[in-house]
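Architecture and fold: a report
Take a look at the letters that make up each chain.
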Amino acid sequence: MKTALTIAGSDSSGGAGIQADIKTMTANGVFAMSAVTALTAQNTTGVTDIQEATPAFLAAELDAVFTDIFPDAVKIGMVSSAELIRVIAEKLRHYGAKHIVVDPVMVATSGARLLREDAVDAMKECLLPLAEVLTPNIPEAEILAGMDIRMAEDMTAAARIISEKYGCAVLCKGGHQLNDANDLLWKDGQARWFMGRRIDNPNTHGTGCTLSSAIASNLAKGYDLAASVERAKAYLSGALAAQLDLGHGSGPMDHMFDLKGAFVE
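Quick look at the structure, then. For every chain, the first residue of its written sequence is number 1, and the numbers climb from 1 along that sequence. For this predicted model, a pLDDT threshold of at least 70 governs which residues receive local features, and a threshold of 80 or more governs which side-chain atom pairs are given and counted, while totals over whole chains, interfaces and linings are taken from all residues. Here the side-chain values reflect all heavy atoms present in the structure, with hydrogen atoms and water set aside.

Two strands make a pair as long as DSSP finds a minimum of two bridges between them. A helix here means a DSSP run of H or I that spans at least four residues, while a strand means a run of E at least two residues long, and both kinds are numbered starting from the N terminus. One open sheet holds the 9 strands; their spatial order is E3-E2-E1-E4-E5-E6-E7-E8-E9, and the pairing between them is mixed. Looking at the sheet topology across the chains shown, the edges are occupied by strand E3 (46-52) and strand E9 (190-194). Taken together, the 3 bridges between strand E7 (residues 169-172) and strand E8 (residues 183-187) define a ladder with antiparallel strand orientation. Bridging across to E8, Val170 finds its partner in Trp186.

Written out as structure tokens, the structure is:
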């Protein structure tokens, strides 16, 4: 069985972060491992508290994984401090990690900035150049490219700028009132659009975590990047279309919508 590692924060309500990543990786047929960057007290209505891992403990988590079950792919999500970002980058270089997918979690769906400026700088300097692909949303792509994105052509321009700056592929995700579910992949100087169907579901907690984890899962299984993106988008659409409705806010998706077997009942 192929393996994948998620490096991200824990979501106590199970809809995003480490919990969503593990569910997604399992549903996509790989063995999931984790290194927790932070504990969060959160639910579908918001985050009430955060407890960061220490740099030393995060380093120990990563050593434990890489020295025993080497991951075939790595997904990186929420990392809230420059110190933790530098630890991750050092360990990924040291162990020669492959198929690194970075979901540069910098801006919440509400538009609120989630990272301090020093953490953003550390991410740009240390982490992004190690990635095979970045998966920014529109506000994050604007920060990374240093430009406003107002139309589809801007997504292409921003993805090209980011790709050339950090030497990796970029999946610029639609949404945020632009292009609905249509995403733009820039790789090796070429643009490719992945068209998605708009699903009328207000429960979208963890969509970014889920997409990036599904991409990492498919890279781990040996699919190329374009096929991994296509398969990940199909999985995300299925999880949204299942119309799970839990909680009082923006609820989680049904990550296990395709699960069948004797133990489900």
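Back to the write-up after that little detour.
Before going further, it helps to examine the nonpolar core. Only buried residues count toward a nonpolar core. Its members are Ala, Val, Leu, Ile, Met, Phe, Trp, Tyr and Cys residues joined through side-chain atoms within 4.5 Å. Exposure categories follow from relative accessible area, calculated using a 1.4 Å probe and restricted to protein chains: below 20% of the type maximum is buried, above 50% is exposed, and the middle band is partly exposed. Formed by 49 residues in total, the largest nonpolar core has its most connected members in Leu5, Ile7, Leu62, Val74, Ile76, Ile88 and Leu92. Residue contributions to this core peak at 8 residues, all from helix H3 (residues 82-95). For this analysis, residues touch if any pair of their heavy atoms sits within 4.5 Å. Not counting the four nearest positions on each side in its chain, Ile88 is found in contact with Ile7, Thr37, Leu58, Leu62, Ile76, Val79 and Leu127. Judged by nonpolar contacts, the second largest core, of 27 residues, contains Ala169, Leu236, Leu240 and Met253.

The next subject is helix H2 (residues 55-66). Since there are 3.6 residues in each turn of an α-helix, residues three or four apart along the chain are aligned in direction. Under the convention used throughout, the expected extent of a helix is 1.5 Å for every residue step, that is, one less than its residue count. Between the first and last C-alpha of H2 there are 17 Å, a value that for 12 residues agrees with the 16 Å anticipated at 1.5 Å per step. Buried within H2 we find Leu58, Ala59, Glu61, Leu62, Val65 and Phe66. Buried positions in H2, seen along its axis, are confined to an arc of 155 degrees and lie on one side of it. Looking at the buried residues of H2, the elements they touch are strand E1 (3-11), strand E2 (31-43), strand E4 (73-76) and H3. This arc is built from the directions going out from the helix axis to the C-beta atoms.

Glancing now at the packing of aromatic side chains. Two rings belonging to Phe, Tyr or Trp (six-membered ring only in the last case) form a pair when the distance between their centres is within 6.5 Å. Interplanar angles under 30 degrees mark stacking, angles over 60 mark edge-to-face geometry, and anything in between is tilted. Tallied over the entire structure, the rule returns 3 aromatic pairs. Ring pairs connect the aromatic residues Phe66, Phe70 and Tyr95, which therefore count as one cluster.

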